[in-house]
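# Structure assessment
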Amino acid sequence: SMAPDSRRSESRGRWSSRCSVRRESWERTRTGTSSSLASNLSDRVIIASLTSAVPCLLALAVQTAVGAPFIVAAVGTGLFLNGSFVVLTVRGQESMPKSMGMISGVMNGLSIGLGGLAVAPMAVLAERTGIPTVLTISAALALLCAYLVTRLPRLPQGGPVHATEAIAVGAD
């Protein structure tokens, strides 16, 4: 019969090896071809989200009163523009897997910070030209951003791109 302490250490050893196997399997899955597929899928989600916001923004631009069409267009705009927020963060993490925490902070900080910086000039423009103009410009910016997503470097079949490789691929 085994002593209780030796059974515990043997049990811990089995548990540790199972966790290690699972961790290695996760790493292979995360950095293998599934990462490349996820990259292409995340780009499609981002593009679909941005382009789907365009009709809603344009519908908002032509509204003259607050009613059901205005509410539907406003909700659609918010859902589509914010729908890709998490996917954008994951896309950033895929591009720099060695610095996932840093890139998450950079992506969220830039998204929120640049959005906040854009409010003042857009408010001035809305005061001078009207809200429909700003909404139309916002629709054009959404289309521009969707196009820019198509220019992002793709992850190679073998795994994630390192920052220096991403810069080199983007320069082509």
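Below is a short write-up of the structure. Everything quoted here is computed from the prediction, not taken from an experiment.

## Thoughts on helix H5 (residues 100–129)
With 30 residues, H5 should cover 44 Å at 1.5 Å per step; its first-to-last C-alpha distance of 42 Å lies within 8% of that length. The sharpest bend along H5 measures roughly 25 degrees and falls at Val-119, with the proline Pro-121 sitting one to four residues further on. At the exit of H5 stands Gly-130, carrying a positive phi of roughly 110 degrees.

## Comments concerning the environment of Thr-136
Residue placement: Thr-136 occurs in helix H6 (residues 131–150). Remark: the alpha-carbon pair of Thr-136 and Leu-60, spanning 76 residues in sequence, is separated by 9.0 Å.

## Overview of helix H3 (residues 68–83)
With 16 residues, H3 extends 22 Å from end C-alpha to end C-alpha; this agrees with the ideal 22 Å at 1.5 Å per step. By the burial criterion, the buried members of H3 are Ala-73, Gly-76 and Thr-77. In a view along the axis of H3, the buried residues occupy a sector of 105 degrees, so they form one face of it. Exposed side of H3, more than 90 degrees from the buried face: Ala-68, Leu-79 and Asn-82 are the residues found there.

## Some points on the packing of helix H4 (residues 85–95) against H5
The N-to-C vectors of H4 and H5 enclose an angle of 140 degrees; their axes lie 9 Å apart at closest approach. Between H4 and H5, the interaxial angle falls into the category oblique. Between H4 and H5 lies a crossing of right-handed hand. On the side of H4, the interface is formed by Phe-85, Leu-88, Thr-89, Gly-92 and Gln-93, while H5 contributes Met-100, Ile-103, Ser-104, Met-107, Asn-108, Ser-111 and Ile-112.

Cut-off values and rules
- Residues numbered from 1 in each chain as written.
- Predicted model: local features only at pLDDT ≥ 70, side-chain atom pairs only at ≥ 80, totals over all residues.
- Heavy atoms only, no water.
- Helix = DSSP H or I, 4+ residues; strand = E, 2+ residues; numbered from the N terminus.
- Expected span 1.5 Å × (residues − 1).
- Bend = angle between axes of the 7 residues up to and from the residue.
- Buried < 20%, exposed > 50% of the residue type's maximum accessible area, 1.4 Å probe, protein only.
- Arc of directions from axis to C-beta.
- Axes fitted to C-alpha atoms, helices over the stretch in contact; angles between N-to-C directions.
- Parallel < 35°, antiparallel > 145°, perpendicular 65-115°, else oblique.
- Left-handed = near helix turned anticlockwise from the far one by under 90°.
- Contact = heavy atoms within 4.5 Å.

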